[in-house]
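Notes for the structure review
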Amino acid sequence: MSKRQRTLKHLTKIAGAVASIALATGGAPPAAFAAAKKGKQAMEVVESTNTLMTLIKSGTAKKIVAGAAAAYAAVAIGGEVIGKNKDSGDSTEKNTNAKQDFLEAEPYWDQSNVPVNIYSNKAPFTGKVVSTKRIVGPKATGETCHIVIDHKGDFPYWEGQSWGVIPPGVREKDGKPHSVRLYSIASSRYGDDMTGKTGSLCVRRATYWCPELQAEDPAKKGVCSNFLCDTKPGDEVKMTGPAGKVMLLPEEDPSTDYIMVATGTGIAPYRGFIRRLFVENTPAANAYKGQAWLFLGVANSDALLYDDEWQEVKKKYPDNFRLDYALSREQTNKSGGKMYIQDKVEEYADEIFNKLDKGAHIYFCGLKGMMPGIQDMLKGVAESKGLDYDEWLKGLKKSKQWHVEVY
């Protein structure tokens, strides 16, 4: 092959590859694969000696270079437009240009093949951090971060599942590797970028305040949460899972109501639910006719998580999405005390019991300390209605309407 042929072949490959990227920018992954396939076919044709000679004689080399430049510009412009749309607050608007339907079961609500424990402690998956961002205000009672991790589409999961994270290093006490920590996944199966190649975690940095030192004691800080909150783009994260089925959404009946109760980072699985039902162009979203009701308990307004997303969904789907906050340091309950999550839920006890009687599913996620207060409240309400609480709860569990994941 002559130098001219080699040069032209190289330019042709660049043009085809960049054009494929440009075409895929505005579409779903299937479109990317189709574009790449067409690009490859075009390259195979152009690579034949006769075609190359014809192109050389006709001066088409210049056109190929121009095409590559135009395709590159299309990628840059497309990326800029997408970035502007995301930053301008349109991140919760359903994507009408591309469907999120390429990671669905058949039918979409069938849970017989939910992925579980694909990767283990002995053979973990290595993901790469895309971004780590603090998502609480300056007056929050701690630092909470949203961490996006690239898994290249090799780590499938469903909404409501958890990832295990193995922090680097070894334990000081015995020199053994750190044990795995489970974190509820804070994105839908399609990820924040809707490509099916990323997943997100919502992590609060665990610290310990030493009363003697009157300062945080770094020796007692949470190993894994601090590792995750300190990550930077490109950092590697060893992961296991996905784990769990108890928090999955039952989607066979699209009129099912969902009651979601969270404290702090327990909001994570519900973000995946809400994105699937209201943000993404999924079969579940297109079919859903029920009501999703979110309760979130945090200390103050600065500690609210993903509030901008919830407000946008509430504005667009006022009949299908409800939102209530319990701010313990800013609100008071009916007795004049601090407003905790159980107090806020109790305000709507009659309506919630009625929904559950009609088949609604109720979810609880957060610190395990939330459950005693909630169960005491529910027991009191049940007894005021003449119900045997234990039998009532047994019925909910038997019909799989009761979902709890606390830590």
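Whatever comes next refers back to the structure up there.
A short tour of the structure in this document, coming up. Since this is a predicted model, take the numbers as computed values, not measurements.

Regarding the overall build of the protein
Secondary structure assignment for the protein yields twelve helices and 13 strands. Counting the 407 residues in the protein, one finds 46% classified as buried. Contacts in the protein between residues at least 24 apart in sequence constitute 74% of all its contacts with a sequence separation of at least 6. Looking at the protein as shown, the accessible area adds up to about 20,900 Å², and 53% of this sits on carbon and sulfur atoms.

A look at helix H10 (residues 349-357)
Taken as a whole, H10 has its buried residues at Ala349, Ile352, Phe353, Lys355 and Leu356. The buried residues of H10 all sit within an arc of 160 degrees when viewed along its axis, so they share a single face. Exposed side chains of H10 directed beyond 90 degrees from the buried face belong to Asp350 and Asp357. Just downstream of H10 lies glycine 359, where phi reads positive at about 105 degrees.

So, unusual backbone geometry
Note the cis peptide between glutamate 106 and proline 107, where omega equals -5 degrees. On the secondary structure map, proline 107 appears in the loop between helix H4 (60-90) and strand E1 (125-134). Proline 242 follows glycine 241 through a cis peptide bond whose omega is 0 degrees. With respect to the helices, strands and loops of the structure, proline 242 is situated in strand E8 (residues 236-243). One non-glycine residue, asparagine 117, adopts positive backbone phi at about 50 degrees. Looking at the secondary structure, you find asparagine 117 in the loop between H4 and E1.

Description of the packing of aromatic side chains
The final tally for this structure, using the stated rule, is 19 aromatic pairs. When the ring of phenylalanine 155 is compared with that of tryptophan 163, the centres are 5.4 Å apart and the planes differ by 45 degrees; the resulting orientation is tilted. Like phenylalanine 155, the residue tryptophan 163 is buried in the burial classification. For the ring pair tyrosine 270 and phenylalanine 273, a centre distance of 5.8 Å and an interplane angle of 55 degrees mean the geometry is tilted.

Here's the deal with the nonpolar core
Nonpolar side chains in soluble globular proteins tend to end up buried together. Counting 38 residues, the largest nonpolar core has Ile267, Tyr270, Ile274, Phe278, Leu294, Trp310 and Phe321 as its most contacted members. The element that contributes the greatest number of residues to this core is helix H6 (residues 268-279), accounting for seven residues. If near-sequence neighbours (up to four positions away) are discounted, isoleucine 267 is found in contact with Cys202, Ala262, Leu294, Leu296, Leu305, Tyr306 and Trp310. Among the nonpolar cores identified, the runner-up in size contains 27 residues, and Ile352, Phe353, Leu378 and Leu396 belong to it.

Things to note about the sheet that holds strand E11 (residues 321-327)
With parallel pairing, the five strands of this open sheet are ordered in space as E11-E10-E9-E12-E13. At either end of the open sheet lies a strand with only one pairing partner, and these are E11 and strand E13 (402-406). Direction aside, the axes of adjacent strands within the sheet are offset by 10 degrees on average. With five bridges joining them, strand E9 (residues 258-263) and strand E12 (residues 361-366) adopt parallel strand pairing. Considered in E12, the bridge of tyrosine 258 is made with histidine 361. In the packing of helix H8 (residues 307-316) onto the sheet, the strands contacted are strand E10 (292-298) and E11, and the crossing angle to E11 comes to about 145 degrees.

Concerning the pattern of salt bridges
A complete count under the given rule lists 16 salt bridges for this structure. A salt bridge links arginine 189 to glutamate 159, with the nearest nitrogen and oxygen atoms 2.8 Å apart. With arginine 189 in the loop between strand E4 (181-184) and strand E5 (198-204) and glutamate 159 in the loop between strand E2 (144-150) and strand E3 (162-166), this pair connects stretches of sequence that are 30 residues apart. Both residues of the pair, arginine 189 and glutamate 159, belong to the buried class. Two residues, arginine 271 and glutamate 309, come together in a salt bridge whose shortest N-O distance is 3.1 Å.

Considerations on the sheet that holds E1
Taken together, six strands build an open sheet; the order of strands is E4-E3-E8-E1-E2-E5 and the sheet is antiparallel. Each edge of the open sheet is held by one strand with a lone partner, namely E4 and E5. Taking the axes of each pair of neighbouring strands and ignoring which way they run, one obtains an average angle of 40 degrees across the sheet. When E1 meets E8, the two strands line up antiparallel, connected through four bridges. Note on E8: the bridge partner recorded for lysine 128 is glutamate 236.

Focus: H8
Buried residues of H8: Glu309, Trp310, Glu312 and Val313, and no others. The arc that holds every buried residue of H8, seen down its axis, measures 165 degrees, which confines them to one face. Among the exposed residues of H8, those pointing more than 90 degrees away from its buried face are Asp308 and Lys315.

Here's the deal with a negative patch on the surface
A cluster of acidic residues, Glu383, Asp388, Asp390 and Glu391, forms a negative patch at the surface. Its location among the elements puts aspartate 388 in the loop between helix H11 (370-384) and helix H12 (389-398).

With respect to the pairing of E11
Of all seven residues that make up E11, seven are buried, and the element is covered over most of its length. Residues of E11 alternate between two faces, with Phe321, Leu323, Tyr325 and Leu327 on one and Arg322, Asp324 and Ala326 on the opposite face, all of them buried. In the sheet, E10 pairs with E11 via seven bridges, with the strands oriented parallel. By the bridge assignment, phenylalanine 295 is partnered in E11 with aspartate 324.

The rules we used
Residues numbered from 1 in each chain as written. Predicted model: local features only at pLDDT ≥ 70, side-chain atom pairs only at ≥ 80, totals over all residues. Heavy atoms only, no water. Helix = DSSP H or I, 4+ residues; strand = E, 2+ residues; numbered from the N terminus. Buried < 20%, exposed > 50% of the residue type's maximum accessible area, 1.4 Å probe, protein only. Contact = heavy atoms within 4.5 Å. Areas by Shrake-Rupley, 256 points an atom, 1.4 Å probe, with all protein chains shown as cover. Arc of directions from axis to C-beta. Phe/Tyr/Trp six-rings, centres within 6.5 Å; stacked < 30°, edge-to-face > 60°. Core = buried A, V, L, I, M, F, W, Y, C linked by side-chain atoms within 4.5 Å. Pairing = 2+ DSSP bridges. Axes fitted to C-alpha atoms, helices over the stretch in contact; angles between N-to-C directions. Salt bridge = Lys/Arg side-chain N within 4 Å of Asp/Glu carboxyl O. Patch = residues over 30% accessible without salt bridge, like charges linked within 9 Å, V, L, I, M, F, W, Y side chains within 5 Å. Lys, Arg positive; Asp, Glu negative; His and termini not counted. Charge placed at Lys NZ, Arg CZ, Asp CG, Glu CD.

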